[in-house]
Structure formats: C-alpha cells, structure tokens
Amino acid sequence: MALTLSCGLATSLNSHEHARIAEELGYNTAWMFDTAPVCADVWMQLGRAADRTERITLATGVLAPALRHPITTANAISTLVSIAGRERVAIGVGSGFSGAIVTGQRPSKWTYVAAYIKTVRALLRGETVEWEGSNVKLLHGPLTGPIRPIEVPFLVAADGPKGMAVAHELADGAIGAFAPHDGWDWSMVMAQGTVLDEGEDPGSQRVLDAGGPGAAIMLHYAVEFNGASQLPFDAADWAQAYSDVPTDIRHLVLHEGHGVFVSAIDRPYLTGDVLVKSGMALSAAEWRDKVAALEAGGATEVTYTPAGPDIPHELEAFMKAVTA
C-alpha cells in the first residue's frame, strides 16, 4: 500500500478552511482534535469542513470517550455522514489522553474505551444497546438522520499493550502518537513540527511559534508522568517552573495552549536548540528522511500536525518538502 499524507489539526475556528486548503494541497485526510478545553468543537468544524470540501476524508483525531455519551457521538457521526458521505468519514478513538489530562482527569480505562466503541458502532447499525443501565437507540427518521446501518472505519490510538489489544479486537486501523504500529493495513502515525527554510534560524520567532507547541507537549506529558529526564533535551529547569503551581489548578496552567500556542511559562525555555533536539524544527531533507523512516517502520499514513499562526503556510511547506 502506498504511503498517504494527511494533516492533523488542533481544531480551531479556521479548521474548516484549513481542511479545504489541505484538500487542494493533496492531503488525504484532515484529522481534527477533540480537546474540548483548548480547541474548538470537533464535530462543528468537521461539519463545516464537509460543506467546503469534496474529496478529503474528515476524521476525529482522536475522540475522548469520557467527554460524550455514546448516543451523542453516534448522532454526530450520523450527521457528519449525512453531509460528507460515508466514504469520507473516519473515526479515531483513544483513551482521552489529551482530552482527559487537560481537565485534570486520568485517561479512561481501556475496558471503558472498548465498551464505548462497541456501543457506538452498534448504535450506528440501528441496534438497541444497554449503556449505564438504560437501553439506548438512535431513533432518527428520514428527516433527522441517514438510513442505518452506517458503517465507517474506526481507528484506535494506543501505544501500550492494553490499548493495542482493543485495537486488534475492534478497530480497522491503529494510530501511533510517536511511532507507527507495524503489520496493519491502516497504520497512521502523527508527526508534529515545522519545516525550516534554507538557512533559517531554528530559534527565530516563526519557528518558535510553529514548532514550540510540539516541544511543549512533550514536556507537559513528561511532567504529568514524571518523565522529564527521558526527554531528548534538558528539561529540569523547565519542569521546575511548574513546581510552585497549586495542585488543584496545575493541569490548567500546565496545558494552557496545549498543541496550539506556547504559554508564557513555557516561552523562556523554548530555544532553537530545544526545537532541534526535540525534532520539531527539521529541514526539508530531514523531513523526507523522517517520513521515509516512518514508512519503513510500518506506517501507511503519516499525519502532519502543524501549529502556529499560519497553518496554510505550514501545510504547504510540509507537502512541498516531502514530495520534492
């Protein structure tokens, strides 16, 4: 299977337009984030994108199950299918890692995620399902929803054995946050950062704005799970900057701008050296090498996730770099 190139969008008020631009540039899928405390609503923006595009697949990348009742999710999928068509919709589901930690919660247990996926898929087939002690069913008529059954592909975002077991049991594909999962017909992997122009300073303001959010996410995850020493750059002082934040609001401060912009606390620690060492500032040739390595590792789809104030520029620069 030939490698496909897609884009991941930290859902903004302009993501519908960015999906249109991505389609023009040749991206295969626009995956939109479901990080409710930080991003615009994923379903509203996917629906707006469906009205502005013709070819590109529209997908959740990824849903946080604990944030929505299965009926709400099944209804949203059904509505998106009615706009875009079944062949243009894909559903990425995870344990709610970003969506959960930004609300101060831990990710959902994989047993819950598995039950959630089974329930949503059954609802889309038109079945009656028990959820939390009640029987639920989509009761749409011809004016409020498309004819069921509705079959769309589901992918599971996971890295550990429990999540991958759920993926093998229930999913049509697997999503890797940092590395691809080999052996899948559909193996999507995320790739974040920015493309350096020829001779561009990795510590320039543009690069910090575009590559900084990705490096900051690496630090935020490390702080959450006491892994700062495992990062590819020196983060001791940076992690220490959060030590005096009260525990009841630390998640709010730590994840401000999560994947979208660099917070005031993070800004002093983001240097060109950090961006280079974290892989968030790569030349065009380095991006080509990275994409080739991801494909060699089993990826069938590489999803570029840009950040910063000029998403159209980032999308164009990445596509030009890796297809040169």
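As the structure is a computational prediction, the values presented were derived from the model and not from experiment. (Residues numbered from 1 in each chain as written. Predicted model: local features only at pLDDT ≥ 70, side-chain atom pairs only at ≥ 80, totals over all residues. Heavy atoms only, no water.)

(A) Geometry of empty space enclosed by the protein. All chains considered together, the criterion is met by one cavity of 30 Å³ or more. Of the pockets and cavities examined, the largest cavity occupies roughly 40 Å³. The wall of the largest cavity is formed by Arg121, Leu124, Arg125, Ile150, Glu151, Val152 and Phe154. (1 Å grid on protein atoms, 1.4 Å probe; cavity = no way out; pocket = protein on both sides within 12 Å on 5 of 7 lines; lining within 4 Å. Points joined across faces, edges and corners; volume = space filled by probe spheres on them.)

(B) Region of interest: the packing of aromatic side chains. The tally for this structure, following the rule as stated, stands at nine aromatic pairs. Chaining the aromatic ring pairs together yields one cluster made of Tyr112, Tyr116 and Trp131. (Phe/Tyr/Trp six-rings, centres within 6.5 Å; stacked < 30°, edge-to-face > 60°.)

(C) View of the environment of Glu87. Summarising the element assignment, Glu87 is placed in the loop between helix H3 (70–84) and strand E4 (89–93). Separated by 66 residues in the primary sequence, Glu87 and Pro153 have C-alpha atoms spaced 9.1 Å apart. (Helix = DSSP H or I, 4+ residues; strand = E, 2+ residues; numbered from the N terminus.)

(D) Spotlight on the pairing of strand E7 (residues 154–157). Burial of E7 is two-sided: the residues Phe154 and Val156 facing one way and the residues Leu155 and Ala157 facing the other way are all buried. Where E4 and E7 come together, three bridges link them in parallel fashion. Pairing of Gly92 across the sheet is with Leu155, part of E7. Examined bridge by bridge, E7 and strand E8 (residues 173–176) share three bridges and lie parallel to one another. From the neighbouring strand, Ala157 faces E8, where its bridge partner is Ile175. In this view, the connection linking E7 to its parallel neighbour E8 by way of helix H6 (residues 161–170) has right-handed handedness. (Buried < 20%, exposed > 50% of the residue type's maximum accessible area, 1.4 Å probe, protein only. Pairing = 2+ DSSP bridges. Right-handed = clockwise from strand over helix to strand, strands pointing away.)

(E) Structural view of helix H11 (residues 284–296). Along its 13 residues, H11 runs 18 Å from first to last C-alpha, staying within 8% of the 18 Å computed at 1.5 Å per residue. Those residues of H11 lying buried are Trp287, Val291 and Leu294. Looking straight down H11, one finds its buried side chains confined to an arc of 60 degrees; they lie on one side. For H11, exposure combined with an orientation more than 90 degrees from the buried face picks out Asp289 and Ala296. After H11 finishes, the residue Gly298 shows a positive phi value of roughly 120 degrees. (Expected span 1.5 Å × (residues − 1). Arc of directions from axis to C-beta.)

(F) View of the sheet that holds strand E3 (residues 57–63). Taking strand neighbours around the barrel as the criterion, the eight strands line up as E1-E2-E3-E4-E7-E8-E9-E12 in a closed arrangement whose pairing is parallel. The average undirected angle you get between the axes of adjacent strands in this sheet is 25 degrees. (Axes fitted to C-alpha atoms, helices over the stretch in contact; angles between N-to-C directions.)

(G) View of H6. The complete set of buried residues in H6 reads Gly163, Met164, Val166, Ala167 and Leu170. Across the axial projection of H6, the buried residues extend over an arc of 155 degrees, all falling on one side. Within H6, the exposed residues directed more than 90 degrees away from the buried face are Pro161, Lys162, His168 and Glu169. Of the surrounding elements, those touching the buried residues of H6 are helix H5 (110–124), E7 and E8. (Contact = heavy atoms within 4.5 Å.)

(H) Representation of the layout of surface pockets in the model. Roughly 1100 Å³ of volume is contained in the largest pocket. Element by element, the count of residues in the lining of the largest pocket is highest for helix H7 (residues 205–224), at five residues. Of the residues belonging to the lining of the largest pocket, the class tally is 24 nonpolar, 19 polar and four charged. In this structure, the second largest pocket encloses a volume near 260 Å³. The wall of the second largest pocket is formed by 18 residues, among which Ala10, Ser12, Val260, Gly308 and Ile311 lie closest to the centre. Looking at the lining of the second largest pocket, its residues break down into eleven nonpolar, seven polar and no charged. (Nonpolar A, V, L, I, M, F, W, Y, C, P; charged D, E, K, R; others polar.)

(I) Structural view of the packing of H5 against H6. Closest axis-to-axis distance for the H5/H6 pair is 9 Å, and the angle between their directions is 20 degrees. In terms of their interaxial angle, H5 and H6 are classed as roughly parallel. H5 and H6 meet at a crossing whose hand is right-handed. Counted together, Trp110, Ala114, Ile117, Lys118 and Arg121 of H5 and Lys162, Gly163, Val166, Glu169 and Leu170 of H6 form the full contact between these two elements. (Parallel < 35°, antiparallel > 145°, perpendicular 65-115°, else oblique. Left-handed = near helix turned anticlockwise from the far one by under 90°.)

(J) Quick look at the packing of helix H2 (residues 42–52) against H3. Taken N-terminus to C-terminus, the directions of H2 and H3 make an angle of 10 degrees; their axes are 9 Å apart at the nearest point. In this view, H2 runs roughly parallel relative to H3, as classed from their interaxial angle. Contact residues: Trp43, Leu46, Gly47, Ala50 and Asp51 in H2; Thr73, Ala76, Ile77, Leu80, Ile83 and Ala84 in H3.

(K) Here's a closer look at unusual backbone geometry. Backbone torsion omega between Gly61 and Val62 reads 5 degrees, so that peptide bond is classified as cis. Structurally, Val62 can be placed in strand E3. The backbone phi angle of Glu132 is positive, close to 55 degrees, even though this residue is not glycine. Residue position: Glu132 is located in the loop between strand E5 (129–131) and strand E6 (134–136). A residue is classified by how much of its surface remains accessible, and Glu132, at 67% relative accessible area, is exposed.

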